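Structure at a glance
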Amino acid sequence: MNRIFLTILLSCITYPIFAAGLVNDTVQDRAKYLVSNMADPDSTKIKGYITHNNSTCFEVNTKNQYGGYIGFKPYIVNAVLDNGRVIYFYEETTRYRSCEAVAAMYVRFKE
């Protein structure tokens, strides 16, 4: 009886933590996903990042199809939980010039 109660209690505690915090997800996993989806992954450079909830903004410099670097631009990687798997998707944001501007947008909408 105590074993059943303990199992139920642990599952009630750990499931919300896993679902809300994406336990199997790290910033390094998001960075690897982003770099692997660039046109030239070997030349991709990440200067910094800012994390907000399940989104991470990376400042990325990579080569274009002509072989020249494009300059650091913010890319946002989002992580969602789907049936126990972490699924990533990213977008290049052209509306903001840096991750600091993206973070300021989050703070502005929070107020």
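All of these numbers come straight from a predicted model, not from anything done at the bench. Position numbers for residues start from 1 in each chain and track the written sequence from start to end. Under the rules for a predicted model, residues below a pLDDT of 70 receive no local features and side-chain atom pairs below 80 are neither given nor counted, while totals for whole chains, interfaces and linings still include all residues. Note that the side-chain values use all heavy atoms of the structure and ignore hydrogens as well as water.

**Topic: the pairing of strand 3 (residues 73–82)**
- When DSSP finds at least two bridges between two strands, those strands are taken to pair. A helix here means a DSSP run of H or I that spans at least four residues, while a strand means a run of E at least two residues long, and both kinds are numbered starting from the N terminus. As defined by bridge partners, strand 2 (residues 55–61) adjoins strand 3 across six bridges and the pair is classed as antiparallel. Residue E59 lies in a different strand from strand 3, and its bridge partner there is P74.
- Two strands pair when backbone bridges link them, and strand 3 and strand 4 (residues 85–92) are joined in this way by eight bridges, in the antiparallel orientation. Bridging from a neighbouring strand, L81 pairs with V86 of strand 4.

**As for the packing of aromatic side chains**
- A pair of aromatic rings is counted whenever rings of Phe, Tyr or Trp (Trp by its six-membered ring) have centres within 6.5 Å, and the orientation is called stacked for planes under 30 degrees apart, edge-to-face for over 60 and tilted otherwise. In the structure shown here, the tally under the stated rule is four aromatic pairs.
- Measuring from ring centre to ring centre gives 5.9 Å for Y49 and F58, while their planes differ by 45°; the resulting arrangement is tilted.
- Members of the aromatic cluster, connected to one another through ring pairs, are Y33, Y75, Y88 and Y90.
- Ring-over charges, as used throughout, are those where CZ of Arg or NZ of Lys falls within 6 Å of the ring centre and within 35 degrees of the ring normal. Across the ring face of F72, the terminal group of K47 is positioned such that the distance to the ring centre comes to 4.7 Å.

**Some details on the side chain of S43**
- Mapped onto the elements of the fold, S43 is located in the loop between helix 2 (27–36) and strand 1 (45–52).
- Buried, partly exposed and exposed residues are distinguished by accessible area as a fraction of the type maximum, computed with a 1.4 Å probe on protein chains only: under 20%, between the cut-offs, and over 50%, respectively. Of the residues examined, S43 reaches a relative accessible area of 7% and is grouped as buried.
- Residues count as neighbours in contact if any of their non-hydrogen atoms are within 4.5 Å of one another. Beyond its immediate chain neighbours, meaning those up to four positions away, S43 contacts N61, T62, K63 and Y69.

**Side note on the nonpolar core**
- Note on terminology: a nonpolar core comprises buried Ala, Val, Leu, Ile, Met, Phe, Trp, Tyr and Cys residues joined through side-chain atoms within 4.5 Å. Core analysis: the largest hydrophobic core is formed by nine residues, namely A31, L34, M38, F58, V60, Y75, V77, A79 and Y88.
- Those elements that place two or more of their residues in this core are helix 2, strand 2 and strand 3.
- Looking at this core, the element that brings in the most residues is strand 3, giving three residues.
- Counting residues in hydrophobic clusters, the runner-up holds six residues, among them C57, C99, V102 and M105.

**Observations regarding the sheet that holds strand 4**
- With antiparallel pairing, the four strands of this open sheet are ordered in space as 1-2-3-4. The sheet is open, and its two borders are formed by strand 1 and strand 4, each paired with just one other strand. On average, adjacent strands in this sheet sit at an angle of 25° to one another, irrespective of strand direction.
- With seven bridges joining them, strand 1 and strand 2 adopt antiparallel strand pairing. Following the sheet pairing, I46 is matched in strand 2 by V60.
- In this analysis an axis means a line fitted to C-alpha atoms, helices contributing only their contacting stretch, and an angle means the value between N-to-C directions, from 0 to 180 degrees. This element, helix 2, spans strand 1, strand 2, strand 3 and strand 4 of the sheet and lies at about 45° to strand 2.

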